[in-house]
Amino acid sequence: MLDMANEIDILKRKLEREKAARKQAENLLEQKALELYESNEKLKALNQELEKEVKDRTEILVRNYTRLSSLVNSLSGGILVEDEQRCIFLVNEHFLQLFDIQMPIATLIGSPISEHVEQVRHQFTHPEAVRFSTKKVTTRRKPRLNELFYLKDGRILERDYIPIFTTDAYAGHLWHFRDVTEKHRYQNELIAAKKDAEQARLTEQLFLAKMSHEIRTPLNAIIGMTYLLEDSDLSEKQTDNLNTLKYSANLLLQLITDILDLSKIESGNIVVKNRSFNLRQLIKKLKDSFQIQIDNTHTGFDIEYDETIPQWISGDDILLQQILFNLIGNAIKFTPQGQVTVRVKLLNQEDDKLKLRFQVQDTGKGIPKEALDSIFDKYQQASQEHADKGTGLGLSIVNELVKFLNGTIALQSELNEGTCVTFHLEYTKASTPTLQETTVKEVNVSETNQILVVEDNKNNIKYITNLLNQWKINYRIAETAKEAYKFVCSTKFDLILMDILLPDSNGFEIAKNIRGNGCSNANTPIIALTASSLSHHIQLAQESGMNDYVTKPFIPNDLKVILEMYLPSSTQNETCETDESFVFSNQLDQDRLSQLYNNNLAYASEMFEIFLEVIEPEMNNLQHLLEPYQAQALRKLIHKLKPSFGYVGLTNIEEIFDRLQHELDDSNRDKSEIIDKTQQVLIDIEELLPIIEQQFEQLQETQKSN
């Protein structure tokens with residue numbers, strides 16, 4: 001019985017423990033259920049917040065996309081935006097209209113651009129050129145604007161490429177196409193009109209050149225002889241007569257120069273040359289040059305000069321002299337009895353900058369009030385009674401020159417009381433003159449020099465040879481092209497003076513032949529002797545290989561300057577600084593660069609800098625000549641650029657350009673092949689430019705360290 005009671009007791013305790021454990025489990029389960037419920041409620045709330053945020057952001061994105069689409073559709077050009085995988089992200093209706101794409105925008109969005117390329121590409125005149133250009137810009141990922149493409153239907157499109165980056169990561173790009181057909185039609189009309197105007201201008205220049213040559217050639221001999229006669233033993237009367245002859249010849253020359261100077265001003269061919277000069281001395285020389293004219297009148301000539309003006313100033317003394325010469329000449333011409341006064345005053349000086357006021361005043365006939373507004377116009381005379389006093393160009397030239405020098409000019413006049421012309425110009429203070437004057441009777445050149453003079457006018461020959469004899473310079477004379485060729489093929493000369501008009505040829509053609517025939521004078525300096533100072537003739541002289549020019553009639557000092565510039569002097573022994581330690585990159589043609597520059601790093605650096613400045617625009621010009629294909633213009637540009645690559649050691653590109661030039665000479669050559677080759681060489685040049693830039697930087701650094 002006792003054992004049974006123990007067992008029952010054990011069972012009771014076990015049941016009680018199980019009840020306690022069950023109760024505890026129920027409590028824990030209840031607690032966890034409560035926690036789970038609370039967590040579930042929190043998740044529901046969070047989910048609602050997330051759903052609301054997603055909804056809000058989606059609405060914002062939709063609104064932004066809608067705005068962007070509206071903006072893109074409102075643009076005048078065709079817009080296509082691609083993502084980094086080149087799938088269409090955005091496109092507008094203008095783009096579809098430009099290329100006649102008959103698909104809804106919604107269908108295009110998200111599709112690869114490759115699915116639609118062929119439909120668009122075949123519309124271009126040269127699809128391969130478009131492919132090359134597209135590949136080039138998408139590879140480089142740099143903005144490219146205003147590329148021109150021609151379509152088979154006659155339209156012209158302008159294309160922009162703009163890459164898109166987000167936090168330095170590439171995110172796609174935007175294409176912008178514009179129809180510029182009408183714009184180019186207007187441009188072509190303008191170009192045609194400009195060409196017609198230039199042709200008319202050229203006809204005028206040729207006429208002026210011909211007339212000036214016919215007048216200047218004998219005038220050169222007359223003026224030249226007056227300089228030679230000055231060195232002779234003359235009586236007082238003969239000296240007076242010589243001065244009168246000299247004055248009359250110079251007056252005639254001034255009338256011709258007025259017409260030609262106006263031509264140079266209109267063509268923009270005047271260059272400002274800054275150099276040091278003595279202003280007081282310049283004014284005195286001007287007065288001396290008018291002395292004979294003043295002596296033959298009852299006119300006084302005074303100079304009022306501000307003594308506070310520095311002795312030497314820097315600027316263009318030649319243009320200032322021309323301005324004052326015209327004004328003083330006018331004042332004396334229209335003041336047969338009275339007074340002419342030239343005033344020069346320093347108005348302001350800040351550091352080395354000077355502002356000067358010039359006045360030329362006379363007590364002559366004056367100008368009618370109704371003529372004052374037009375007095376600076378070309379060929380304008382103050383009144384009919386002045387019509388026999390000159391060309392009417394003097395004041396027009398003065399006005400243009402003062403404006404060209406960034407100055408101001410004003411004129412005041414009262415009829416029968418006189419005229420005062422005031423102009424203001426700015427100069428800088430100079431400590432010493434840039435050019436020292438030396439006597440014309442001495443020329444600093446070696447006595448071993450040999451000059452060839454190609455000239456057919458006997459008087460001009462006599463004038464030039466008298467000067468050369470006086471300066472003890474050896475020379476030979478050729479009066480025809482045939483004689484000139486004979487001399488240049490048999491004798492080495494140090495300088496050639498070349499008249500531009502000869503009986504059997506012209507100086508331009510002779511110069512071209514000398515430069516191209518490989519004779520010993522192929523590199524000899526050639527100086528044009530021209531009676532024309534027109535820009536057209538000067539340009540022809542440069543294009544034919546001439547180094548410089550002297551305008552007839554010239555004074556001895558003009559020829560002296562040229563001789564000392566181009567002939568070795570008796571004391572000339574200067575060499576350029578070189579650096580034999582510098583080595584050009586082995587990615588360039590080192591032999592060619594060494595031959596070209598001979599370790600003259602300053603010269604090499606200058607040539608590399610010029611190349612880098614011009615190459616990018618010229619490459620764009622080449623690209624434009626491929627669309628539409630313009631063979632002659634392309635050949636001309638390739639011929640022009642070809643030697644540039646040799647100057648920076650890219651002789652392989654130089655050779656490719658040479659082959660392209662020969663292929664362009666062949667009219668039967670397939671143009672698509674030439675376009676492909678040109679596109680490829682443009683890509684090659686792009687890859688080589690960093691090498692040239694690095695070489696230029698090394699050249700500069702080496703110079704600084706030296």
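Residues numbered from 1 in each chain as written. Predicted model: local features only at pLDDT ≥ 70, side-chain atom pairs only at ≥ 80, totals over all residues. Heavy atoms only, no water.

Draft legend 1. How the structure looks around the sheet that holds strand β3 (residues 144-150). Strand order in the open sheet formed by five strands is β2-β1-β5-β4-β3, and the pairing between neighbours is antiparallel. The open sheet has two edge strands, β2 (88-91) and β3, and neither has a second partner. Taking each pair of neighbouring strands and ignoring which way they run, the sheet shows an average axis angle of 20 degrees. (Pairing = 2+ DSSP bridges. Helix = DSSP H or I, 4+ residues; strand = E, 2+ residues; numbered from the N terminus. Axes fitted to C-alpha atoms, helices over the stretch in contact; angles between N-to-C directions.)

Draft legend 2. Looking closely at the sheet that holds strand β15 (residues 495-499). Pairing is parallel in the open sheet, where five strands are placed in the order β14-β13-β15-β16-β17. A strand with exactly one partner marks an edge of an open sheet, and here the two such strands are β14 (474-478) and β17 (548-551). Averaged over all neighbouring strand pairs, the angle between strand axes comes to 20 degrees, with direction disregarded. Here β15 pairs with strand β16 (residues 526-530) via four bridges, running parallel. By the bridge assignment for β16, Asp-499 is matched with Leu-529.

Draft legend 3. Spotlight on the nonpolar core. Counting residues in hydrophobic clusters, the biggest one holds 43 residues, and the most contacted among them are Leu-279, Leu-320, Leu-324, Ile-328, Phe-358 and Phe-423. Elements represented by at least two residues in this core include exactly α8 (279-289), β7 (298-305), α10 (317-333), β9 (337-350), β10 (353-362), α11 (394-404), β11 (408-414) and β12 (418-429). Residue contributions to this core peak at eight residues, all from α10. With 36 residues, the next largest nonpolar core counts Leu-688, Leu-689, Ile-692 and Phe-696 among its residues. (Core = buried A, V, L, I, M, F, W, Y, C linked by side-chain atoms within 4.5 Å. Buried < 20%, exposed > 50% of the residue type's maximum accessible area, 1.4 Å probe, protein only.)

Draft legend 4. Focus on helix α19 (residues 631-647). Along its 17 residues, α19 runs 25 Å from first to last C-alpha, staying within 8% of the 24 Å computed at 1.5 Å per residue. Along α19, the residues classified as buried are Leu-634, Leu-637, Ile-638, Leu-641, Lys-642, Phe-645 and Gly-646. Where α19 terminates, the next one or two residues include Gly-649, which has phi positive at roughly 80 degrees. (Expected span 1.5 Å × (residues − 1).)

Draft legend 5. Inspection of the packing of helix α5 (residues 127-140) against helix α21 (residues 671-705) at higher detail. Direction vectors running N to C along α5 and α21 enclose 15 degrees, while the axes themselves pass 10 Å from each other. If you check the angle between α5 and α21, you find them roughly parallel. Two packed elements cross with a definite hand, and for α5 against α21 that hand is right-handed. Each of Glu-128, Ala-129, Phe-132, Lys-136 and Arg-140 in α5 lies in contact with α21, whose residues at this interface are Ile-675, Asp-676, Gln-679, Gln-680, Leu-682, Ile-683 and Glu-686. A breakdown of the residues in the contact of α5 with α21 according to their chemical character gives five nonpolar, two polar and five charged. (Parallel < 35°, antiparallel > 145°, perpendicular 65-115°, else oblique. Left-handed = near helix turned anticlockwise from the far one by under 90°. Contact = heavy atoms within 4.5 Å. Nonpolar A, V, L, I, M, F, W, Y, C, P; charged D, E, K, R; others polar.)

Draft legend 6. Region of interest: the confidence of the model for the chain. Of the residues in the chain, 82% reach a pLDDT of 70 or more, and the chain-wide mean stands at 80. Contacts for the low-pLDDT stretch residues 379-392, under 50 throughout, to residues beyond four places or in other chains number 28 contacts. In this model residues 570-578 is a low-confidence stretch, pLDDT under 50, and it forms eleven contacts with partners more than four residues away in sequence or in other chains. (pLDDT = per-residue confidence, 0-100.)

Draft legend 7. Geometry of a nonpolar patch on the surface. Among the surface-exposed residues, Leu-43, Leu-46 and Leu-50 lie close enough to one another that they form a single nonpolar patch of about 290 Å² accessible area. With respect to the element layout, Leu-50 can be found in helix α1 (residues 2-74). (Patch = residues over 30% accessible without salt bridge, like charges linked within 9 Å, V, L, I, M, F, W, Y side chains within 5 Å. Areas by Shrake-Rupley, 256 points an atom, 1.4 Å probe, with all protein chains shown as cover. Salt bridge = Lys/Arg side-chain N within 4 Å of Asp/Glu carboxyl O.)

Draft legend 8. Spotlight on the side chain of Glu-82. Among the structural elements, Glu-82 can be located in strand β1 (residues 78-83). Within the local environment of Glu-82, its side chain forms a polar contact with the side chain of His-173, the two groups lying 2.9 Å apart. A distance of 2.9 Å separates a polar atom in the side chain of Glu-82 from a polar atom in the side chain of Trp-175. Excluding its chain neighbours within four sequence positions, the residues that come into contact with Glu-82 are Cys-87, Phe-89, Ile-113, Ala-171, Gly-172, His-173 and Trp-175. (Polar contact = N/O pair within 3.5 Å; in protein donor to acceptor, adjacent residues only side chain to side chain.)

Draft legend 9. Fine view of the pairing of β1. Most of β1 sits inside the fold, with five of its six residues counted as buried. For β1 and strand β5 (residues 169-179), the ladder comprises six bridges, and the chain directions are antiparallel. Note that in β5 the partner of Leu-80 across the bridge is Trp-175. Looking at chain direction, β1 and β2 are connected through three bridges and run antiparallel. Bridge pairing in β2 links Leu-80 to Val-91. Between β1 and β2, which pair antiparallel and follow one another directly, the connecting turn spans four residues, one of which, Arg-86, has a positive phi of 65 degrees.

Draft legend 10. Region of the structure containing the environment of Arg-121. With respect to the secondary-structure elements, Arg-121 resides in helix α4 (residues 117-121). Linking Arg-121 and Arg-131, residues ten residues apart in sequence, is a C-alpha distance of 8.2 Å. With sequence-adjacent residues up to four places away left out, Arg-121 is seen in contact with Pro-127 and Arg-131.

Draft legend 11. Examining the pattern of salt bridges more closely. Within this structure, the stated rule accounts for 20 salt bridges. Put simply, Arg-185 and Glu-182 hold a salt bridge, and the shortest N to O gap is 2.7 Å. Taken together, the residues Arg-185 and Glu-182, both in helix α6 (residues 181-230) and three residues apart, mark about one turn of the helix. Since its relative accessible area comes to 36%, Arg-185 is described here as partly exposed. The salt bridge involving Glu-189 is made with Arg-185; its shortest N-O contact spans 2.8 Å. Taken together, the residues span about one helical turn, with Glu-189 and Arg-185 both in helix α6 at a distance of four residues.

Draft legend 12. Molecular detail of the state of the cysteines. According to the stated counting rule, one finds zero disulfides in the structure shown. With no disulfide of its own, Cys-489 lies closest to Cys-519 among cysteine sulfurs, the gap being 5.4 Å. Overall, the relative accessible area of 55% leaves Cys-489 in the exposed class. Residue class for Cys-519 comes out buried when judged on its relative accessible area of 17%. (Disulfide = S-S within 2.5 Å.)

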